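Overview (structure and organization)
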Amino acid sequence: MRHNAINLQAVNSQLDFWVSWHAACLMMAILVASYLGSIAVLQIVGFISMLICASIWLRAQRQFYYFGLANSITLMRFCLLFAAPLWLPMEQGSFAAVILLFLLLDGVDGGVARARQEESIFGARFDMETDALAILFLCLGLHVYHGIALWILWPGLIRYIFVLFRAWYSVETVAERRSQWGRVIYIVLASSIALGFVFDHGLIEMLLWMATFLVTLSFWQDLKELLQHRLSVGVFRHRAAKV
């Protein structure tokens, strides 16, 4: 048990480092992809980076952990992203079916993990990163395939910007929120982006603006908490130095 606990602590540290590295790589990839007008760069970088994440967990935990059904469902969602060039240009009905399948599977993997007691730090991370990568993929798809201006990349990038801020300030105790409100915002954003592919209408763009505002507001709350924590730590260290 002690060996397992040490492994879990070590792999959690490695995954924390990977999250920052992953965010930086995707930020660079999105710049290149938007310049080239192709999602291939983001697709390749995201796929390789997520494979590294999975290898970190499985290599460290191979003696007492199996991948599990819940993570397999998340993997199916990730494979849908990897096949994005096949379904992004689809006709509207087929595309809507793929998006609906992705969102339905998103609600299934967490429930399966709890029911089968397969919850893990990797499973939570894998699910969260797949969600974030999906939003970034779809935002880039709207820009590339539907000609929406570069502002549409913001709701996909803001989460990775927050991750890099968190790494820059070396704040380990302020985690990303996974509240019910955050889940609602994610569903609203994902649905709005999906509608942006299916319908070409000014009302849809207004809906995208509203969803972008909600996402920005959510991460602004996290950023304020991060800055307040950083300030309180700085004051504590300053007082300790005086003593």
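Thresholds, definitions, all that
Residues numbered from 1 in each chain as written. Predicted model: local features only at pLDDT ≥ 70, side-chain atom pairs only at ≥ 80, totals over all residues. Heavy atoms only, no water. Phe/Tyr/Trp six-rings, centres within 6.5 Å; stacked < 30°, edge-to-face > 60°. Helix = DSSP H or I, 4+ residues; strand = E, 2+ residues; numbered from the N terminus. Buried < 20%, exposed > 50% of the residue type's maximum accessible area, 1.4 Å probe, protein only. Salt bridge = Lys/Arg side-chain N within 4 Å of Asp/Glu carboxyl O.

**Description of the packing of aromatic side chains**
Describing an aromatic ring pair means giving the distance of the ring centres and the angle of the ring planes. A complete count under the given rule lists 3 aromatic pairs for this structure. Between Phe47 and Phe78, the ring centres sit 5.8 Å apart and the planes meet at 10 degrees, which makes this aromatic pair stacked. One end of the pair, Phe47, is in helix α2 (residues 40-61); the other, Phe78, is in helix α3 (residues 69-82), with 31 residues separating them in the sequence. Its relative accessible area of 28% is what places Phe47 among the partly exposed residues. Ring geometry for Trp151 versus Trp209: centroids 4.1 Å apart, planes at 15 degrees, classification stacked. Residue Trp151 is located in the loop between α6 (121-146) and α7 (154-168), and its partner Trp209 is located in helix α9 (residues 202-242); the two are separated by 58 residues in the primary sequence. Looking at Trp151, the relative accessible area reads 18%, which means it is buried.

**So, the pattern of salt bridges**
In total, this model carries 5 salt bridges according to the counting rule given. A salt bridge links Asp109 to Arg77; the shortest N-O distance between them is 3.1 Å. With Asp109 in helix α5 (residues 92-115) and Arg77 in helix α3, this residue pair connects regions lying 32 residues apart in the sequence. Accessibility expressed as a relative area gives 3% for Asp109, which makes it buried. Its salt-bridge partner being Arg77, residue Asp131 comes within 2.2 Å of it at the nearest N-O pair. With Asp131 in helix α6 and Arg77 in helix α3, this pair connects stretches of sequence that are 54 residues apart. Residue Asp131 is classed as buried on the basis of its relative accessible area, which comes to 6%. The class for Arg77 is buried, based on a relative accessible area of 0%. It is possible to trace a salt-bridge network through shared partners that takes in Arg77, Asp109, Asp127 and Asp131.

Interpretation in functional terms is not warranted from these geometric data alone.
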